[in-house]
Protein chains: 2
Amino acid sequence: MPVVKTKPVPSDLEIAQSAELIPIRDLAATYGLEEDDLILYGKYKAKVHLDVLERLQNRPDGKYIVVTAITPTPLGEGKTTTSIGLVQGLGQLGHKAAVCIRQPSMGPTFSIKGGAAGGGYSQVVPMEDFNLHLTGDLHAVSAAHNLCAAALDARMMHERNYPGDRWAKRTRSEKHPNGLPRLNINPYTITWNRVVDVNDRALRNIVVGLGDKWDGYPREAGYDISVASEVMAILALVNGNNYREALRDMRTRIGRIVVGYSFEGKPVTTEDLGVAGAMTVLMKDAIHPNILQTLEGQLAFVHAGPFANIAHGNSSIVADKVALKLADYVVTEAGFGSDIGMEKFFDIKCRASGLTPNAVVLVATIRALKMHGGGPKVVPGYELPREYVEENLELVEKGAANLVRHIEIAKLYGVPVVVAINRFPTDTDAEVALVQKIATDAGALAAVPTTHWADGGEGARALAEAVVQACEQPSNFRFLYDLDLPIKEKIRIIATQVYGAADVEFSSEAEQQIKAYEQSGFGNLPICIAKTHLSLSHDPTLKGAPRGFIFPIREVRASVGAGFIYPLAGEMKTMPGLPATPAFMNVDIDEDGNVVGLF
Amino acid sequence: MPVVKTKPVPSDLEIAQSAELIPIRDLAATYGLEEDDLILYGKYKAKVHLDVLERLQNRPDGKYIVVTAITPTPLGEGKTTTSIGLVQGLGQLGHKAAVCIRQPSMGPTFSIKGGAAGGGYSQVVPMEDFNLHLTGDLHAVSAAHNLCAAALDARMMHERNYPGDRWAKRTRSEKHPNGLPRLNINPYTITWNRVVDVNDRALRNIVVGLGDKWDGYPREAGYDISVASEVMAILALVNGNNYREALRDMRTRIGRIVVGYSFEGKPVTTEDLGVAGAMTVLMKDAIHPNILQTLEGQLAFVHAGPFANIAHGNSSIVADKVALKLADYVVTEAGFGSDIGMEKFFDIKCRASGLTPNAVVLVATIRALKMHGGGPKVVPGYELPREYVEENLELVEKGAANLVRHIEIAKLYGVPVVVAINRFPTDTDAEVALVQKIATDAGALAAVPTTHWADGGEGARALAEAVVQACEQPSNFRFLYDLDLPIKEKIRIIATQVYGAADVEFSSEAEQQIKAYEQSGFGNLPICIAKTHLSLSHDPTLKGAPRGFIFPIREVRASVGAGFIYPLAGEMKTMPGLPATPAFMNVDIDEDGNVVGLF
């Protein structure tokens, strides 16, 4: 099937549309999936029914490789492309391999970045499905989330409109002969926004419930982008050895979600609203992982899409588990740098899944190292300054401090590290050699240049060989912190050992929140810190490997359903906006009915 | 496959879950659909690719039957159930038949009514898919609609934040070397709400754009339920003889949508916002109609879901067109009474499709006739007063005035009418005979009791026979009004000839709006009146066949993309609310992972 490669490399869209795809049923069969394991969505995408985990329970797991990166420039360092390229490279070596990535949010797709399904000759196809609705999981997340929001506001309105005894009388039923209890929700404690999968900044701060007394309960509210929903985090963290178990786990987690507090200070859950069952029903199909394919005909799992800065940033546990039963090598991507997505991969996702990773692949670009070394600002949409396209060993060497720190972070977890140098045509041999030396000196098992963007799997052969070797090394995987430490202590361990902070400063609001969570019994959850991805610290302007800073925690939330404490370092926007000339302006249907402009 | 029928009739859910379904691929094959015509969504649902219209262009169309009803009680008169039962009855007679119905909104499903896929032994299955996400069309409508809303608010914000020359400078590009034009949108003229498929009354009246100057443009706004979206109306009205043509028609209609007016009074369209192409791309899969099956193994098309009171209330043209190529009898349902859904079916849908209906089936219940005759109020969730469960010929005779009027309305269009008396166990033979006499005296070709709810297709055999006979009659189909009449005249014709009004009263706001639309060149569109479904008039308390009332038009909107003028008679809520004890409270997953409580 593979595409015929040409130089110069055509546009991503041209490559994707010229690829001859394998019917997903046939491709799945080569991995041992039977037709009954699949829920087809047309010819080239499908869901894999989770009961396959039971059918294949005696099959040994493949090797488990997590792809992370150094601190990126705003252009990104090609982590998804490298994950796909690596799997294609493993295929070139004759290994059965699969990649696990997140479903993109349509918000950014139509806003700034256009579609993203890898790039060049390392892509996941069909790209339109990948970038648009896929199989509707994100829509299911939004529907479940917003049903809960409507339930919350309606409950407050009805409780207010039926004062005293009238509430119990109005809500009497066979199931509730004495009527429903009053929840007495304090509107100022509500943490459950509404969500939409659009970059709609006008919804960040809104007032709802205006009109008359039957039009809701007037209060300040807001919208987040759907991938920031706790329901999305739950989808990514659900675990089980078959469909029934996974659905039960989802039901339990959804029922634990805290949406706010009563005037008496008691947590109010989706269970209290009576909406947890319906939310789970809305998510019952989304729970099965989706499969597409790489340009070179390998399985690509695409399931769940939490952002790594404002959520835990990893694709679903169940996708990884299914992939590990089908492939000898499973490459899973963690969002942003090792300080963010990888830390959460290890301390949150692996803790929930019980899976042990065999190797870390750390993606670096010469371009990003130069930026960390003091190169000029990199701005999307503008031409790169010449420092980035001409040899400059001094900037590379200085900036490599960032790479060294990420290697050290990965090694904290006892897992072998391979550095993938995602090589651009303008990178010189001397620059690459310098990075290789610094990386291996810092403890990386290998540092390998890779040209999968231009050359597909062929370009990632050397990387794939290094990864295979790394997987033969002993992995002494360990978590960074124990769950039974106090919340503040867990945050401190991450901030000092991973980010390089001297200490953590908690706002008085954060101190109070932490105390309340520990009193409510949420103290033993892992930590999911929301912070910028553009620095190891909380401050996006601190490049390289900053040390000695005080890491500020402004506010602490609890995602009790997903199962983590969620401290915020600085202002994190949970709803992006559209620019003055958004990407959607280029998207259209041509005369033949084809999609144009999605890249 | 069919279910084994038992008495007493089990719950809808029990029947649906006990049915042994035919794989949709196999069922489709019996209608001449090839595997390449289908886009499978699992085993029991699929989309039919619109290119099938080209492949089968030389096949003659089947007979085209529209199902409508008398003015209903708030309980509904079983129109969907009768549509399904009739198709099952046609099957019992050995005819190849298919039913076309709308996709339900999840808003009401989780609010008051629970799931609805017919009932008893006349259902469409699988019912969970029917009632939940189906193939995601409704989500696509919401995504396209809300992308446009975000585009609108972002444009207003950016134009404000870049005053003078700065706007042109900021938006310069290769495509727009002089920058984008200023749209100067007047926030008080915006007619484009946001939408969500949840009954969320707190979103009826909101203020958006609060925060700082980069958080949007502060203004009053609101949400409608997704099925009220003009994008949904467009999905239902798109026409074409293959995929490319239909998609092109959709692109044209979406690009015509007027979202508001500039301060200079010029209409602002999605094309002006540059978002029409992206909206169409979001709808490119939704355009193919979905197929499920009846309990007796016939094709059920489920496509588009506009409400009949606040929209045009009919399933899609393309679904009907595909069905007519595959079946000898196609039964399509129009929402609410003949004054609403059927009038719009004829004057809007048939005008857009060019299809000619062969027969009208008018569903009546003894219960509803008694209510029109002066029986006590019927309230969902409460026991029926005894007038409705004991013989009362006087109430039936008095209330039959409503039935007579609906027969007259249907005959206005020159199409043969068959009355289906949806018979309940408590209806007496004398009551049924009385209705039959009145109906045939009023000009119905036949009036046939039907018990498809209890007996499936067997119970609708007599009805099916009458419908087959009606389809042999000459149909002298004609539209009610010419498009080139002035808007006010078209409204007057509908109000007087269909509703029975003496005259129409236009508010001064409505007068102004009509004038503006005619000046903007929208004067020759058909009319889609929004009014209560609980009376032939605008006043839900006027039962029977009211005459002599003045029909008030409060406001007139224009759905230029969908292609109709949209006058509002009285306050029509476009966003329903959740009651104090919503239906979602019963919905859950049981220990085995099955859905419970969806009925």
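Residues numbered from 1 in each chain as written. Chains lettered and ligands numbered in written order. Predicted model: local features only at pLDDT ≥ 70, side-chain atom pairs only at ≥ 80, totals over all residues. Heavy atoms only, no water.

Chain A carries the name Formate--tetrahydrofolate ligase in an unreviewed UniProt entry, which gives Ardenticatena maritima as its organism. Check the Pathway (unreviewed entry) section of the UniProt entry for chain A; it says "One-carbon metabolism; tetrahydrofolate interconversion." (UniProt positions renumbered as here; feature names shortened; annotations may be inferred.)

The operation relating chain B to chain A is a screw motion whose rotation component is 180 degrees, with 0.0 Å of axial translation and a residual RMSD of 0.0 Å. Taken together, the rotation and translation relating the two chain copies correspond to the operation of a two-fold axis. When C-alpha distances to the rotation axis are compared across chain B, the minimum falls at B:Tyr41, with a value of 2.2 Å. The residues that chain B uses at the interface reappear at the interface of chain A in 100% of cases, marking a shared surface. (Least-squares fit on C-alpha atoms with pLDDT ≥ 70 in both. Contact = heavy atoms within 4.5 Å.)

In this model, chain A carries a mean pLDDT of 95, and residues with pLDDT of at least 70 account for 99%. Here the prediction assigns the complex a pTM of 0.97, and the interface score ipTM is 0.96. (pLDDT = per-residue confidence, 0-100.)

This paragraph deals with the side chain of B:Glu230. When you line up the elements, B:Glu230 lands in helix 9 (residues 230-237). With residues near it in sequence (within four places) discarded, B:Glu230 still touches B:Trp192, B:Ile257, B:Ser559, B:Val560, B:Gly561 and B:Ala562. (Helix = DSSP H or I, 4+ residues; strand = E, 2+ residues; numbered from the N terminus.)

This next bit is on the packing of helix 9 of chain B against helix 10 (residues 243-256) of chain B. Residue and element names in this part refer to chain B. Between helix 9 and helix 10, whose axes approach to 10 Å, the crossing angle comes to 150 degrees. It follows from the interaxial angle that helix 9 and helix 10 lie roughly antiparallel. Considering only the axes of helix 9 and helix 10, their crossing is right-handed. Every residue of helix 10 that contacts helix 9 at Ile234, Leu235 and Leu237 is listed here: Asp249, Met250, Arg253 and Ile254. Of the residues that constitute the contact of helix 9 with helix 10, the class distribution is five nonpolar, no polar and two charged. (Axes fitted to C-alpha atoms, helices over the stretch in contact; angles between N-to-C directions. Parallel < 35°, antiparallel > 145°, perpendicular 65-115°, else oblique. Left-handed = near helix turned anticlockwise from the far one by under 90°. Nonpolar A, V, L, I, M, F, W, Y, C, P; charged D, E, K, R; others polar.)

The final tally for this structure, using the stated rule, is five cavities of 30 Å³ or more. Volume-wise, the largest cavity comes out at about 390 Å³. Among the secondary structure elements, those contributing two or more residues to the lining of the largest cavity are helix 5 (106-113), helix 7 (137-161) and strand 7 (194-196) of chain A together with helix 5 (106-113), helix 7 (137-161) and strand 7 (194-196) of chain B. Of the pockets and cavities examined, the second largest cavity occupies roughly 330 Å³. Considering the residues around the second largest cavity, the lining is formed by 31 residues, among which A:Tyr41, A:Thr135, A:Gly136, B:Thr135 and B:Gly136 are closest to the centre. Of the residues belonging to the lining of the second largest cavity, the class tally is 10 nonpolar, eight polar and 13 charged. (1 Å grid on protein atoms, 1.4 Å probe; cavity = no way out; pocket = protein on both sides within 12 Å on 5 of 7 lines; lining within 4 Å. Points joined across faces, edges and corners; volume = space filled by probe spheres on them.)

Contacts between chain B and chain A engage 79 residues on the former and 80 residues on the latter. Here chain B meets chain A over a buried area of about 6,600 Å², counting both sides, of which 62% is carbon and sulfur. When the buried surface of chain B facing chain A is broken down by residue, B:Val281, B:Ala580 and B:Ile589 rank first, second and third, together holding 8% of it. Taken together, the connections running from chain B to chain A amount to 12 salt bridges. Between B:Glu591 and A:Arg248 there is a salt bridge, with the nearest N and O atoms lying 3.9 Å from each other. Here chain B is connected to chain A by 37 residue pairs in polar contact (both at pLDDT 80 or more). Per element, the largest residue contribution to the side of chain B that touches chain A is 12 residues, and it comes from helix 7 of chain B. When its residues are assigned to classes, the side of chain B that touches chain A shows 40 nonpolar, 17 polar and 22 charged. (Buried area = accessible area lost by both parts, 1.4 Å probe. Salt bridge = Lys/Arg side-chain N within 4 Å of Asp/Glu carboxyl O. Polar contact = N/O pair within 3.5 Å; in protein donor to acceptor, adjacent residues only side chain to side chain.)

Structural remark: α-helix, 3.6 residues per turn; residues separated by three or four positions point the same way. Residues and elements named next belong to chain A. If you check helix 4 (residues 79-92), its first and last C-alpha atoms are 20 Å apart, about what 14 residues at 1.5 Å a residue would give, namely 20 Å. Helix 4 sits mainly inside the fold: 11 of its 14 residues count as buried. What helix 4 keeps buried is the set Lys79, Thr81, Thr82, Ser83, Ile84, Gly85, Leu86, Val87, Gln88, Gly89 and Leu90. Where helix 4 terminates, the next one or two residues include glycine 94, which has phi positive at roughly 90 degrees. (Expected span 1.5 Å × (residues − 1). Buried < 20%, exposed > 50% of the residue type's maximum accessible area, 1.4 Å probe, protein only.)

Next up on the list: a positive patch on the surface. Among the surface-exposed residues, A:Arg160, A:Arg166, A:Lys169, A:Arg172 and A:Lys213 lie close enough to one another that they form a single positively charged patch. In this fold, A:Arg166 is placed in helix 8 (residues 166-170). (Patch = residues over 30% accessible without salt bridge, like charges linked within 9 Å, V, L, I, M, F, W, Y side chains within 5 Å. Areas by Shrake-Rupley, 256 points an atom, 1.4 Å probe, with all protein chains shown as cover. Lys, Arg positive; Asp, Glu negative; His and termini not counted. Charge placed at Lys NZ, Arg CZ, Asp CG, Glu CD.)

All right, on to the packing of helix 16 (residues 393-412) of chain B against helix 17 (residues 429-441) of chain B then. The packing of two helices is summarised by the inter-axis angle and the distance between the axes. Residue and element names in this part refer to chain B. Where helix 16 meets helix 17, the closest approach of the two axes is 10 Å, and the angle between their N-to-C directions is 35 degrees. For the pair helix 16 and helix 17, the sense of crossing is right-handed. Contact residues: Leu393, Val396, Glu397, Ala400, Leu403, Val404 and Ile407 in helix 16; Ala430, Glu431, Leu434, Val435, Ile438 and Ala439 in helix 17.

Let us look at the pairing of strand 6 (residues 122-125) of chain A. Residues and elements named next belong to chain A. Side chains Ser122 and Val124 project from strand 6 onto one buried face, and the interleaved Gln123 and Val125 project onto a second face that is buried too. With antiparallel pairing between neighbouring strands as the criterion, strand 5 (residues 118-119) and strand 6 make up a hairpin whose turn holds two residues, including glycine 120 at a positive phi of roughly 55 degrees. Sheet analysis places strand 6 next to strand 13 (residues 290-294), joined by two bridges and oriented antiparallel. Bridge pairing links valine 125 to glutamine 293 in strand 13. (Pairing = 2+ DSSP bridges.)

What follows deals with the domain arrangement of chain A. Residue and element names in this part refer to chain A. Here the domain parsing of chain A yields domain 1 (12-135 + 286-471), domain 2 (137-277) and domain 3 (487-568). The interface of domain 1 with domain 2 comprises 36 residues on the first partner and 25 residues on the second. Carbon and sulfur atoms make up 60% of the area that domain 1 and domain 2 hide from each other, which totals about 2,400 Å². Our count for the domain 1 to domain 2 interface comes out at one salt bridge. Lysine 47 is the salt-bridge partner of aspartate 137, the closest N and O atoms lying 2.8 Å from each other. Along the contact surface separating domain 1 from domain 2 lie 14 residue pairs in polar contact (both at pLDDT 80 or more). Mapped by element, the contributors of at least two residues to the side of domain 1 that touches domain 2 are helix 3 (52-55), helix 5, helix 13 (317-326) and helix 14 (338-353). When grouped by side-chain class, the residues that make up the side of domain 1 that touches domain 2 number 15 nonpolar, 16 polar and five charged. (Domains from an automatic or database assignment.)

With that settled, the discussion passes to the environment of A:Ser520. Residues and elements named next belong to chain A. In this fold, serine 520 is placed in the loop between helix 21 (508-519) and strand 20 (550-553). Judged by its relative accessible area of 31%, serine 520 falls in the partly exposed class. Sequence separation of serine 520 and tyrosine 329 is 191 residues, and the distance between their C-alpha atoms is 42 Å.

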